[in-house]
Amino acid sequence: MRLLPCLIAAALLALPAHASTPGSGLDAADIAAAEGLRDRAIQGSQAWALVESLTTEVGPRIAGSPADARAVAWAKAKFEALGFDKVYLEPVTFPVWVRGHERAEVLAPFPQPLVITALGGSVGTPAGGVEAEVVAFADLAALSAAPEGSLKGKIAYISNRMVRFKDGRGYGPAVGARANGAVEAAKKGALAVVIRSIGTSNDRFGHTGTMRYLPEVPRIPAAALSNPDADLLSHMVQRGQPVRLRLDIATETRGDYTSHNVIGEIRGRDLPDEVVTIGGHLDSWDQGTGAIDDGAGVGLTMAAGALIGELERAPRRTVRVIAYANEEQGLYGGKAYAAARAAAGQIPGHQLSAESDFGAGRIYALRAGVDPAAWPVIERIGQVLAPLGIATEATGGSPGPDVGPIVALGAPWAQLAQDGTDYFDYHHTANDTLDKIDPKALDQQVAAYAVLAYLAAETDVDFGAVPVKPAN
Ligand code: ZN
Ligand code: ZN
């Protein structure tokens with residue numbers, strides 16, 4: 001009899017690994033299934049082969065291009081080949097932007113060529129280019145503070161430097177120069193704007209990315225200098241003599257094109273109309289092959305969904321994998337997805353949504369925005385993820401870009417945060433290619449997404465609605 005309490009104590013000690021956590025709505029069989037998914041993914045998933053296929057057989061796939069259509073056909077065929085229960089397309093319409101040529105050179109005082117890339121959405125220069133003196137600004141705020149009319153006949157140059165961090169937090173403070181530099185420069189009368197690339201590489205190519213115009217402000221050309229070329233231009237400006245630049249950019253904005261979100265589903269066994277969504281964006285910029293942005297996100301979430309589809313028993317809710325259209329030029333796919341669900345009254349059916357759009361680095365943290373009553377589910381998922389080196393963090397985080405629009409309507413979200421230390425070395429450049437992806441790191445991410453999607457779809461707990469932030 002004296003042994004018995006010890007046995008009970010030992011059994012209790014052994015319990016947390018497999019038993020349900022109070023409030024998680026998950027039992028030992030659910031956890032065992034999730035651990036099985038995790039371990040199978042780590043042994044080798046289909047993710048790298050999918051990214052290899054997309055980058056090799058489709059390659060650069062800027063939204064609205066013939067390659068965009070080939071990418072949609074590719075995604076549909078892959079979902080079908082992977083055995084998803086339901087595969088369908090959803091229309092997404094947007095204007096088409098096409099890059100022509102882009103050249104820049106210093107005319108004086110030290111004539112030499114510069115490496116640039118036009119920003120996405122930029123208008124071109126008049127034929128033959130523009131020639132003008134450069135006026136340099138440390139950042140967007142300094143440009144915005146310049147007196148009205150002070151840049152008449154000039155080219156504005158914004159030299160702000162993006163800082164490298166594991167979590168990519170250097171991007172936000174720097175990217176305003178790319179997004180709004182043209183509008184702020186045009187308000188002061190500038191003919192064009194050039195910026196230091198929003199990226200952390202020291203390679204001699206520019207980082208592109210989207211920029212915007214306002215209806216009431218003249219549209220001027222906008223380009224990014226490679227970071228070494230930005231250094232060069234800054235060194236010339238620092239000498240105090242007028243620096244003259246020639247900028248010659250050809251681009252074209254055409255009429256509307258309709259692409260598609262491509263969706264694959266593993267049908268839920270009890271509650272097929274309740275969905276857990278994971279995904280990435282199918283489009284890329286036009287220079288690299290879009291391996292890390294966002295071939296990785298598409299490939300790894302497809303592979304995670306396929307693993308769940310191989311289970312003998314599907315989870316209670318539907319797992320929906322979404323390859324979003326045209327994220328790069330304004331979140332068109334995510335916005336169209338949310339608008340269609342809102343119109344159909346399907347927002348409440350969205351249990352948990354996550355997107356992978358931060359490259360192919362290993363995942364190190366799980367964060368979520370759910371009803372506090374559902375937090376025990378997130379903690380239980382975190383316990384299954386812990387052996388992958390993933391910590392559960394109770395605060396911070398944000399949904400992926402394409403998930404943002406449905407989260408703004410109240411849908412709960414999760415984030416599997418990736419190590420993005422080198423992400424901005426390649427982001428939006430010709431150097432975004434397959435060789436930057438470690439297949440083992442990709443498998444770790446498949447494991448994490450499979451566990452997250454499966455357990456979120458299996459739990460009895462409702463993730464609730466998250467408070468909607470007021471629009472500003
Ligand atoms: Zn992206
Ligand atoms: Zn991008």
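Each chain has its residues counted from 1, following the order in which its sequence is written. Numbering of ligands from 1 and lettering of chains from A proceed in the order in which they are written. The predicted origin of the model limits local features to residues at a pLDDT of at least 70 and limits the giving and counting of side-chain atom pairs to 80 or more, whereas totals for whole chains, interfaces and linings rest on all residues. Note: side-chain values were computed over all heavy atoms of the structure, leaving out hydrogens and water.

## Regarding the coordination of the zinc ion (ligand 2)
Angles at a metal have ideal values that depend on geometry: 109.5 degrees with four tetrahedral donors, 90 or 180 degrees with six octahedral donors.
Logical step 1: Each metal's donors are the N, O and S atoms within 2.8 Å of it, or within 3.2 Å when it is Na, K or Ca, and because water is not part of the set, sites may look incomplete. Each protein donor to the zinc ion (ligand 2) is listed here as D293 (OD), E328 (OE), E328 (OE) and H428 (NE2); together their distances run 2.0 to 2.4 Å.
Logical step 2: For four-coordinate sites, all angles between 85 and 135 degrees define a tetrahedron; for four- and six-coordinate sites, opposite donors beyond 155 degrees with the remaining angles between 65 and 115 define square planar and octahedral shapes respectively, and all other cases count as irregular. Around the zinc ion (ligand 2) sit four donor atoms, and with donor-metal-donor angles ranging over 58 to 141° the site reads as irregular.
Logical step 3: Motif for the zinc ion (ligand 2), donor spacing along one chain: D-x34-E-x99-H.
Logical step 4: Separating the zinc ion (ligand 2) from the zinc ion (ligand 1) is a gap of 3.3 Å, bridged by D293, which donates to each. Note that D293 is positioned in helix α8 (residues 291–309) and H428 in the loop between α12 (423–426) and α13 (439–458), a separation of 135 residues in sequence. Every helix listed is a DSSP run of H or I at least four residues long, and every strand listed is a run of E at least two residues long, numbered separately from the N terminus.

## Notes on the pattern of salt bridges
Logical step 1: Just to be clear on terms, a salt bridge is a Lys or Arg side-chain nitrogen sitting within 4 Å of an Asp or Glu carboxyl oxygen. Counted under the stated rule, the structure contains 27 salt bridges.
Logical step 2: Of the charged contacts in the structure, one is a salt bridge between R246 and E131, with a shortest N-O distance of 2.7 Å. One end of the pair, R246, is in strand β8 (residues 244–266); the other, E131, is in strand β4 (residues 130–137), and 115 residues separate them in sequence.
Logical step 3: For every residue, the accessible area obtained with a 1.4 Å probe (protein chains only) is divided by the maximum for its type, and the residue is called buried under 20%, exposed over 50%, and partly exposed between those limits. On the accessibility criterion, R246 (27% relative accessible area) is partly exposed.
Logical step 4: Residue E131 is classed as partly exposed on the basis of its relative accessible area, which comes to 40%.
Logical step 5: One salt bridge connects E184 with K187, and the closest N-O pair in it is separated by 3.1 Å. Taken together, the residues E184 and K187, both in helix α6 (residues 171–187) and three residues apart, mark about one turn of the helix.
Logical step 6: Its relative accessible area of 38% is what places K187 among the partly exposed residues.

## Some points on the domain arrangement of the protein chain
Where interface size is given, it is often the accessible area lost as the parts come together that is meant.
Logical step 1: Segmentation of the protein chain into domains returns domain 1 (6–85 + 267–458) and domain 2 (101–253).
Logical step 2: The start and end points of each domain follow an automatic or database-based domain assignment. The C-alpha centroid of domain 2 is placed 36 Å from the C-alpha centroid of domain 1.
Logical step 3: In what follows, a contact means two residues having at least one pair of non-hydrogen atoms within 4.5 Å. Across the contact, 18 residues belong to domain 1 and 21 residues belong to domain 2.
Logical step 4: When two parts are put together, the accessible area they lose, computed with a 1.4 Å probe and summed over both, is reported as buried area. Summed over both sides, the interface between domain 1 and domain 2 buries roughly 1500 Å², with carbon and sulfur atoms accounting for 56% of that surface.
Logical step 5: The closest approach of N and O atoms between D425 and R164, which form a salt bridge, is 3.0 Å.
Logical step 6: Under this definition, polar contacts are N or O atom pairs within 3.5 Å; protein pairs additionally need one hydrogen-donor-capable and one acceptor-capable atom, and for neighbouring residues in sequence, both atoms have to be side-chain atoms. Connecting domain 1 to domain 2 are nine residue pairs in polar contact (both at pLDDT 80 or more).
Logical step 7: Of all the elements, α12 adds the most residues to the side of domain 1 that touches domain 2, at three residues.
Logical step 8: Here the side of domain 1 that touches domain 2 is composed, by residue class, of five nonpolar, nine polar and four charged. Classification convention: Asp, Glu, Lys, Arg as charged; Ala, Val, Leu, Ile, Met, Phe, Trp, Tyr, Cys, Pro as nonpolar; all other residues, Gly among them, as polar.

## A closer look at the coordination of the zinc ion (ligand 1)
Logical step 1: Distances from the zinc ion (ligand 1) to its protein donors, H281 (NE2), D293 (OD), D357 (OD) and D357 (OD), fall at 2.0 to 2.6 Å.
Logical step 2: Its four donor atoms give the zinc ion (ligand 1) angles of 55 to 150° at the centre, a pattern that matches the irregular case.
Logical step 3: Sequence spacing of the donors to the zinc ion (ligand 1): H-x11-D-x63-D.
Logical step 4: Classification of H281 by relative accessible area gives buried; the value is 0%.
Logical step 5: With relative accessibility at 13%, the residue D357 sits in the buried group.

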